[in-house]
Amino acid sequence: MKKNFLFVFAFVIVGGIFAQESAHETLFYNKPASSWMQESLPIGNGYMGASLFGGVQEETIHLNEKTLWEGGPGEWEGYGKLDPNKGFFAVGKIRDAIKAENYKEAHQLANKFLTGHGSGIGAFQPLGNFKIRFNDLSTETATYNRKLDLSQGKHLVSFTQNGVTYQREAFASYPHRAMVFSFGANTPGKVNAQIDWETITSTENYYDVYPNQFPHLNPNVKRGRTESVKAEKIDDATYRISVTGHLNNNGMKYAAYTYIQLKNGGASLNGNTVCVKAADEVILYFSAATDYVNIYPHYKGSDPAPRALEWAQKAYKEGKETLLKGHLKDYQGLYHRTALYFTKKENPKTTLTTDSRLVQFKKTADPHFLELLFNYGKYLLISASREGSLPLNLQGVWNPVPNPPWCSDYHTNINLQMAYWPAEALNLPETHKALLDYIPSLVPSGEKTATHYYGTRGWVCHTSTNPFGTTTPGWDIVWGHFPGGGSWLCRHLWDHYRYSQDIEFLRKVYPTMKGAAEFWMDWLILDESGKLISCPSYSPEHGTISSGATMDFQIAHEILTNTVAASQILKVDEADSKLWQEKLQQLPPLKIGRWGQLQEWSEDIDSKFNKHRHISHLYGLHPGNQISPQKTPELAAAAEKTLKARGDEGTGWSKAWKMNFHARLGKGEKSYSLLKNLVQKSTFSGISMKNGGFYANLWNAHPPFQIDGNFGTTAAFVEWVLQSHNDEIHLLPALPPQIPAGSFKGFKAAGNVVVSAKWNEGKLTQVELIAANSGLYKVRYQDRLLSVNLEKGKPLTLSGNLQPVTP
Ligand code: FUC
């Protein structure tokens, strides 16, 4: 209450200018959202998500449960069965055509015999909406404020009408597996509301994106849902809306329960509408579940209704304050582990709304806006990905339509991995867990796909996958052929080990890594001239069929190297490890082509004028570590040439990847200029392959909304100030001159070392290291490389020139 008086007071004093808000931890706006994609604000607890409009007279809340998907074995009998008319038997002919340089024929054969079919891929589905009407309110309001408080993980709306200040609050609690939405006022009896559950009835595209692009839109596939909604009175102060149903497509069952609690006042039912009268506050406690389980091949678990009911009821019984306490303890424990400041100021304030800062960023230096983007990346990761559910998808956990772009699936040729780039470095392994658990679940079907399409041992996963273990190629060969997807995912298993040094984890995931390595052991063969080939292959989504796209060799190099290392740590598979090492010796070197570029293919055919958004052959620079300015300066220079030729345009994720590439090259200034290019306000909700930017709600715009760019940006900020991919803790490796002073706290370096540092006038002034294990660690700053002895858990402070500072 006190806060509100202050708020009103501030408003009166400054005469219409907004009260100050945190410039680096609050997204805030002076009007409700009018577009879901561009303006709504998200909350989530990893299991479920909600996006809110913050409407005064009518609030719409889109609800999601992460596992609610169409597709999979429930959709059709043929799901998971491999087409006998396609497969490895055709590979010999394709190889012959490539050898004869008959690329057209090779491509046609590959498109005919090595593609998959998209049926059963499915799509991430919306769960339903709350529609809450406040008919006694008008849309005319003073002091409207809508915000997402990142430091608390809370959505807040407040406005004043006829002297009454209304406050609305929403948060999602991971420990309680529930979301809470409250609607209150600072004067008793002022909350009147009609609360409805809105069933998703449309099967249409909400957005005009690639109509009929996806096979699940096949008219023969069942869409829609069968749902029952029941609102009932529990007692005078409590109502409940129960929703149970299944998707017609695959029979997936879902259930959602909402307890509606009144503080004073009363309510009645009008059909399934709960009509609240003259309450002081009304609180919705919501939980949901589906019968999905990630167990091959059926992916079907028990009836979700009892679980969802139990969670919602428990949330209601414990009450808002207890839930909030639980949420804050959990959320803030993760969120406040790290901090990043791009000035010396640690508590910056602003009166400018977030969308105006986004627009102004082009002209005005606003380092706190970058801190806000960074903190939002953390917020989104914690909200969209936690242990116990699926990994976050192309839209995190937020989707209001049955046909989202690219099915809101898991794309493994950049997008899914990019989403998790910051997880370990931000010391948030809890958010990585959903992906780490998901990867091994692809193995059973991935093994079948490897045998069928490649005649190999091991397992593969192609470009586009889902919760039901789709691992087959896509239905068009150019983008659909990418057997490296699974191996790339294995980099995350290895990374988690590198950062945590958890040998038991490594032991558990080692078979998954070994299977991915075995695929390459069999697939990479010597041709008649004694050259190792990956044939046929495509560089992701791009270019001609070939006998070896560079990315294949880089991914093979990485998984073989990491599996050798893992086998040595675990002291297993000595004989296999020798064979893997022999294969590594046979891999062709990365090549520098005729215009100094890093070659994308074995042949020197790269065009200087190619602006394609995928630059996959730079995988060895980032996220890989085969190329670096220190170890391989010529290759690093060639990578830079390539980057220069490709230019700075692209989708949101493409620009974000380029920021990371430049950071790995140590080019902070160039990385920053990419950021300037990316931080532009997008107002386009359709599909474009360029003009990547941010929407007013700071969701990254591919366009349309695709969340990978948020995480790619956050990851690049970390790469500016700390890298540890080369067995060194590298401080300020790519600090942009545009950010002369700042600090970071609590980041993690590989080897399980927590690092905090400060810089001023572009120079490191202090660093603190805390290792989880005693030992020798290499620390690099500019051209100084130092070995330091760290004692387990004991902080070591070094000065800017890496001299120990005695406390
Ligand atoms: C890849 C990219 C597209 C898009 C899609 C989800 O196919 O090439 O740009 O990001 O994934």
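The rules behind these values
Residues numbered from 1 in each chain as written. Predicted model: local features only at pLDDT ≥ 70, side-chain atom pairs only at ≥ 80, totals over all residues. Heavy atoms only, no water. Helix = DSSP H or I, 4+ residues; strand = E, 2+ residues; numbered from the N terminus. Rg over C-alpha atoms; globule rule 2.2 N^0.38 Å. Buried < 20%, exposed > 50% of the residue type's maximum accessible area, 1.4 Å probe, protein only. Contact = heavy atoms within 4.5 Å. Areas by Shrake-Rupley, 256 points an atom, 1.4 Å probe, with all protein chains shown as cover. Pairing = 2+ DSSP bridges. Core = buried A, V, L, I, M, F, W, Y, C linked by side-chain atoms within 4.5 Å. Near = heavy atom within 4 Å. Polar contact = N/O pair within 3.5 Å; in protein donor to acceptor, adjacent residues only side chain to side chain.

S.K.: So what exactly am I meant to see when it comes to the overall build of the protein here?
M.R.: Assigned secondary structure in the protein consists of 20 helices and 35 strands. Relative to the 2.2 N^0.38 estimate, which gives 28 Å for 807 residues, the radius of gyration of the protein is 27 Å and therefore close to what a compact globule would have. Considered along the principal axes of its C-alpha atoms, the protein spans approximately 85 × 70 × 50 Å. Counting across all 807 residues of the protein, residues that qualify as buried make up 65%. A separation threshold of at least 6 residues defines the contact pool for the protein, and within that pool the share at least 24 residues apart is 67%. Surface exposure of the protein reaches about 28900 Å², of which carbon and sulfur atoms provide 52%.

S.K.: It is not clear to me how the sheet that holds strand β33 (residues 775-781) should be interpreted in this structure. Could you clarify?
M.R.: Sheet strands pair by backbone hydrogen bonding; their relative direction is either parallel or antiparallel. Taken together, four strands build an open sheet; the order of strands is β28-β29-β33-β34 and the sheet is mixed. What marks the edges here is a single partner per strand, and that holds for β28 (722-723) and β34 (784-790). As paired strands, strand β29 (residues 729-731) and β33 are joined by three bridges and run parallel to one another. Along β33, the bridge assignment pairs I729 with V779.

S.K.: Can you walk me through the environment of D437 in this structure?
M.R.: Relative to the elements of secondary structure, D437 occurs in helix α10 (residues 429-441). Judged by relative accessible area, which is 37%, D437 ranks as partly exposed. Taking the C-alpha atoms as reference points, D437 and V509, separated by 72 residues in sequence, lie 9.2 Å from one another.

S.K.: Where do I start with the pairing of strand β30 (residues 742-749) in this structure?
M.R.: On a regular strand, each side chain points to the face opposite its neighbour's, so the side chains alternate between the two faces of the sheet. Among the eight residues in β30, seven count as buried, and that is most of the element. Taken together, the three bridges between strand β18 (residues 339-341) and β30 define a ladder with antiparallel strand orientation. If you follow A339 over to β30, its bridge partner there is K745. Between β30 and strand β31 (residues 753-760), which follow one another and run antiparallel, lie three residues, and G751 among them has a positive phi close to 100°.

S.K.: Would you take a moment to explain the nonpolar core for this structure?
M.R.: It is characteristic of soluble globular proteins that their nonpolar side chains tend to be buried jointly. Counting residues in each nonpolar core, the largest one holds 220 residues, and the members touching the most others are F181, F286 and W720. If near-sequence neighbours (up to four positions away) are discounted, F181 is found in contact with I43, A50, L52, I61, L63, F130, E169, A170, V282, I283, L284 and F286. A178, Y259, I283 and L324 belong to the second largest nonpolar core, which has 18 residues in total.

S.K.: How should I be thinking about the site of the ligand in this particular structure?
M.R.: Taken together, L394, W406, H411, N415, E541, R613, H614, W653, H702 and Q706 are the residues near the ligand. Taking R613, its side chain carries an N or O atom lying 2.9 Å from an oxygen atom of the ligand. In the model, an oxygen atom of the ligand is placed 2.9 Å from a nitrogen or oxygen of the W653 side chain. Protein contacts shield 98% of the accessible area of the ligand, which totals 290 Å² for the unbound molecule.

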